[in-house]
Amino acid sequence: MRSNRRKFLKTSAASAASFQIVPRHVIGGQGHTPPSETYGAALIGCGGRGPGTYESMVRKLPATLVAACDVQKTRVDGYIKRKNPEAKGYNDFRRLLENPDIDLVAIATPPHWHALISIAAAEAGKDVFCEKPMTRFIAEGRAVVEAFNRYKRVFQIGTNGRFGAYKSRTSRTIHKIMRSGLLKPNPCVHIKKGGLKLNQWSGKPGLKPQIPSEDLDWDLYCGPSPLKPFVTDRVGGTHRNYWDYEGGGLCDMGQHHFDPQQWIYGKDDTSPVNIEAFAPPAHPDVTGMWAWVELTYSDGFTFVMDSAEWGPSYDKKASKQVSLSQLSEEDQQKITAMPDPAPLLSFAEAVKQRKQAGGHPEAAHRAACILHLANIAIRLGRKLQYDPEKEQFVGDDEANRFVNVPMRSPWHL
Amino acid sequence: MDITPYLDSFPLPAKRGILSDVNKEETDKTIKEVMRAPDKVALQLVERLIDPGSQGNDIQARHLLHAMSVRIPDYDRREGTGLRSKFCLALAKTLSDKRPDRVKAFIIRQLQLCGGEEVISQVGEFLTVPGIADDAAQALIAIGKKSAGQFRNALPRVRNDLLLYSNALHGLAQLADESSKDIFIEALKNNEDECRLLGLWGLTQLADVSTLPLFLEADLKGKGYSRIKSASYCMQFAEKIQKKDAIKIYQHLINTRTLPEEKYLREIAESHLK
């Protein structure tokens, strides 16, 4: 925990009136954490998943909501009223990050803001728990990784599957086989069929512009994304259906599905090199149909997404699991003798120990890259070659325009 | 050329208003056919684009034009017949006609995906037009460094408009334009925090050690979030230069970030001096 204690908590503890509204664990006492070890926490993005994301962040941490922020005033007011009327409300995350009483920031805005707010929070010295998907495009993820390395802050992506994967002995064995590099070329294929909410998170094109409600700061909502005429579907859960803010059900659910698989298959530090999609031409504004995407790593290992909601099923390769039996006896013994991978720290443990969390920026970025690469292949309608080190497509300048999408002034990575 | 059959091969909203009734074979076939004369098809498609707020719909026209924009670079690479350039020039030419701003913005956004050097002057014209300047700037940034001249040319014309000025400054910083060193230095004196920060970012992008004294002087002007952001530019500048010069930046941070809540910054700076 940082050595500078929170002023908010000091004043709360010193004030008899405050005792009535400050949670018991902030005041301290038998069985409760004293205030000197309580974290000041904040939520940015109070609608939809926001409150749930905040609760995930503070799980097993002594924390108090100090501040909340939303571009829609009624949302932040409503959340604070429910959660802690003492907390301060903001409409602009930059003002919230100036607040020195905050240690931890939960980010639950639409994804086009995830990277910029994560970076800004790290720059302000805060630890971050960020809702998935981590980013809207590939270069954002690299910038988040660099910022958290620079500031030595804790980042955890808002998906927990990899912690469960670690608990499975089979998964740990697969992880060791994959990390050992002994299975080369790697013939294995992991197919994710369904669960990517294709129809649910496809957009409606051609909606007519509307007037935003007075309490919504539409310009700040759009932020780094293009300032388009307001349409109700662009806010709330249906933001997922617009390329300007997310990337459909594939991006929305993909990090849940592929983040644990990426850990199991030992791919936290790399990305696929060949990507092929079967999809009709994408619409410029809204997300739509696709049948399957095949993503192959340099060792031959393949991830497949099969939407199971449109078009033909994927039939190029059959599913094939990694197992010890694919190795020679000598290599099997090597794997058996290898120690288990280091345990993955939860956000709470990472914050307390000042160590990297299990869903750290590089891993979260690489998992998000799987989704972005898939969506780019869907949108471009051609096979793509990707260089995981340079994080650029090979010989395709126009595809690279989807890797680092220019932002609206004054926002930048 | 009648493009109606081409448009009809693209879907209209079906169930729940989404484009679920789409036929990949038909749409792919259309794209292949329109690539025979992409410039002519583009002109006709543009004529069918309407302002988003007006009656009617242009869903199929936008969809087909976008499909052409994302796929034409690959056709061009395979066939080597200058298709992309022809298509982009045809699109850029339509920008000088009288059309709704949001239609022009859409055309510019397609050029962001496939445009090259051949369209930068036509797109650059819109850096001085409120409401479209954002779209033009992002298209030019995507096209790349050769667009920087457009931003430099626009600056004197937008000096009195904060949004347009910061938009142009932002473009130059994003492109890390070496010819804009003096522009960034001038921005450091700007009373608007946003412009001063863009000046600091521009100089960070260039990482020219000769600008360091002015850079560090301007760093001290910010408060609150600006002060936080400015410290970040300091660290990024330091990462790009030789250690003997970087030390000056880290020492500057230690000397200036003295508030209790800035302890983390001092600790990071100190770690670089060990």
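Residues numbered from 1 in each chain as written. Chains lettered and ligands numbered in written order. Predicted model: local features only at pLDDT ≥ 70, side-chain atom pairs only at ≥ 80, totals over all residues. Heavy atoms only, no water.

Colleague: Describe the side chain of Glu-391 of chain A, with residues and values.
Modeller: Residues and elements named next belong to chain A. Here Glu-391 is to be found in the loop between strand E11 (384-387) and strand E12 (392-393). A distance of 2.8 Å separates a polar atom in the side chain of Glu-391 from a polar atom in the side chain of Arg-142. Side chain to side chain, Glu-391 and His-365 meet in a polar contact 2.8 Å long. With sequence-adjacent residues up to four places away left out, Glu-391 is seen in contact with Ile-138, Arg-142, His-365, Arg-366, Tyr-386 and Val-403. (Helix = DSSP H or I, 4+ residues; strand = E, 2+ residues; numbered from the N terminus. Polar contact = N/O pair within 3.5 Å; in protein donor to acceptor, adjacent residues only side chain to side chain. Contact = heavy atoms within 4.5 Å.)

Colleague: Lay out the domain arrangement of chain A with the relevant residues and their values.
Modeller: Residue and element names in this part refer to chain A. The domains assigned to chain A are domain 1 (2-159) and domain 2 (163-340 + 358-400). The straight-line distance from the C-alpha centre of domain 1 to that of domain 2 is 28 Å. Taken together, the contact between domain 1 and domain 2 spans 30 residues of the former and 38 residues of the latter. For the pair domain 1 and domain 2, the summed buried area comes to about 2,800 Å², and 60% of that belongs to carbon and sulfur atoms. Taken as a group, Val-71, Arg-136 and Ile-138 account for 24% of the area that domain 1 buries against domain 2, more than any other trio of residues on that side. Within the residue set of the side of domain 1 that touches domain 2, elements represented by two or more residues are helix H5 (73-83), helix H8 (138-151) and strand E6 (155-158). The residue makeup of the side of domain 1 that touches domain 2, split by class, is 14 nonpolar, nine polar and seven charged. (Domains from an automatic or database assignment. Buried area = accessible area lost by both parts, 1.4 Å probe. Nonpolar A, V, L, I, M, F, W, Y, C, P; charged D, E, K, R; others polar.)

Colleague: So what's going on with the sheet that holds strand E8 (residues 274-278) of chain A? Which residues, and what values?
Modeller: To summarise the sheet geometry, strands pair through backbone hydrogen bonds and adopt either a parallel or an antiparallel arrangement. All names here are of chain A. Pairing is mixed in the open sheet, where six strands are placed in the order E7-E10-E9-E8-E11-E12. The open sheet has two edge strands, strand E7 (189-193) and E12, and neither has a second partner. Here E11 runs beside E12; their pairing, made up of two bridges, is antiparallel. Considered in E12, the bridge of Tyr-386 is made with Phe-393. (Pairing = 2+ DSSP bridges.)

Colleague: I'd like to hear about the state of the cysteines, residue by residue, with values.
Modeller: Note on terminology: disulfide describes a covalent bond linking the sulfur atoms of two cysteines. All names here are of chain B. Following the criterion strictly, the structure yields zero disulfides over all chains and no others. Note on Cys-234: no disulfide assigned, nearest cysteine sulfur contributed by Cys-195 at a separation of 19 Å. Residue Cys-234 is classed as buried on the basis of its relative accessible area of 0%. (Disulfide = S-S within 2.5 Å. Buried < 20%, exposed > 50% of the residue type's maximum accessible area, 1.4 Å probe, protein only.)

Colleague: Mind laying out the interface of chain A and chain B, listing which residues take part and the relevant values?
Modeller: Contacts between chain A and chain B engage 56 residues on the former and 65 residues on the latter. Across the chain A to chain B interface the summed buried area is about 5,000 Å²; carbon plus sulfur atoms make up 57%. On inspection of chain A and its partner chain B, the count reaches five salt bridges. Glu-398 of chain A is the salt-bridge partner of Arg-77 of chain B, the closest N and O atoms lying 2.8 Å from each other. Counting every contact that joins chain A to chain B gives 23 residue pairs in polar contact (both at pLDDT 80 or more). Breaking the side of chain A that touches chain B down by element, the ones donating at least two residues are helix H6 (93-97), helix H7 (114-123), H8, helix H15 (361-380) and helix H16 (397-400) of chain A. Grouping the amino acids of the side of chain A that touches chain B by side-chain chemistry returns 27 nonpolar, 13 polar and 16 charged. (Salt bridge = Lys/Arg side-chain N within 4 Å of Asp/Glu carboxyl O.)

Colleague: Before we move on, can you summarise the pattern of salt bridges with the specific residues and values?
Modeller: Residue and element names in this part refer to chain A. If you walk through the whole model with that rule in mind, you get 53 salt bridges over all chains. Note that Asp-252 is salt-bridged to Lys-132, the shortest N-O span being 3.2 Å. Here Asp-252, found in helix H12 (residues 248-264), pairs with Lys-132, found in the loop between strand E5 (127-131) and H8; they are 120 residues apart in sequence, far enough to count as distant. Overall, the relative accessible area of 5% leaves Asp-252 in the buried class. Two residues, Lys-193 and Asp-306, come together in a salt bridge whose shortest N-O distance is 3.9 Å. With Lys-193 in strand E7 and Asp-306 in strand E10 (residues 302-306), the pair connects residues that are 113 residues apart, well separated along the chain. When salt bridges with common partners are traced through the structure, they connect Asp-92, Arg-94, Arg-95 and Glu-98 into a single cluster.

Colleague: Summarise the confidence of the model for chain B; cite the residues concerned and give the values.
Modeller: When pLDDT is averaged along chain B, the result is 97, and 100% of the positions lie at 70 or above. ipTM for the predicted complex: 0.98, alongside a pTM of 0.94. (pLDDT = per-residue confidence, 0-100.)

Colleague: Describe unusual backbone geometry, with residues and values.
Modeller: All names here are of chain A. Here the amide bond leading from Lys-184 into Pro-185 is cis, since omega sits at 0°, within 30 degrees of zero. Here Pro-185 shows up in the loop between helix H10 (169-180) and E7. Cis geometry marks the peptide bond from Ser-409 to Pro-410, where omega comes out at 5°. Turning to its location among the elements, Pro-410 is positioned in the segment after H16. Even without being a glycine, Arg-354 presents a positive backbone phi close to 55°. Its location among the elements puts Arg-354 in the loop between helix H14 (347-353) and H15. Phi is positive for Glu-391, which is not a glycine, with a value near 55°.

Colleague: Explain the side chain of Arg-99 of chain B residue by residue, including any values.
Modeller: Residues and elements named next belong to chain B. Mapped onto the fold, Arg-99 is located in the loop between helix H5 (83-93) and helix H6 (101-114). Arg-99 sits in the buried class, given a relative accessible area of 14%. Within the local environment of Arg-99, its side chain forms a polar contact with the side chain of Glu-47, the two groups lying 2.9 Å apart.

Colleague: Report on the packing of helix H15 (residues 243-256) of chain B against helix H16 (residues 263-273) of chain B, specifying residues and quantitative values.
Modeller: All names here are of chain B. Running from N to C, H15 and H16 point in directions that differ by 150°, and their axes come no closer than 9 Å. Viewed along their axes, H15 and H16 adopt a mutual orientation that is roughly antiparallel. In this structure, H15 meets H16 at a crossing whose hand is left-handed. Here Lys-243, Ile-247, Tyr-250, Gln-251, Leu-253 and Ile-254 of H15 lie close against H16, whose contacting residues are Arg-266, Ala-269, Glu-270, His-272 and Leu-273. Taken together, the residues that form the contact of H15 with H16 break down as six nonpolar, two polar and three charged. (Axes fitted to C-alpha atoms, helices over the stretch in contact; angles between N-to-C directions. Parallel < 35°, antiparallel > 145°, perpendicular 65-115°, else oblique. Left-handed = near helix turned anticlockwise from the far one by under 90°.)

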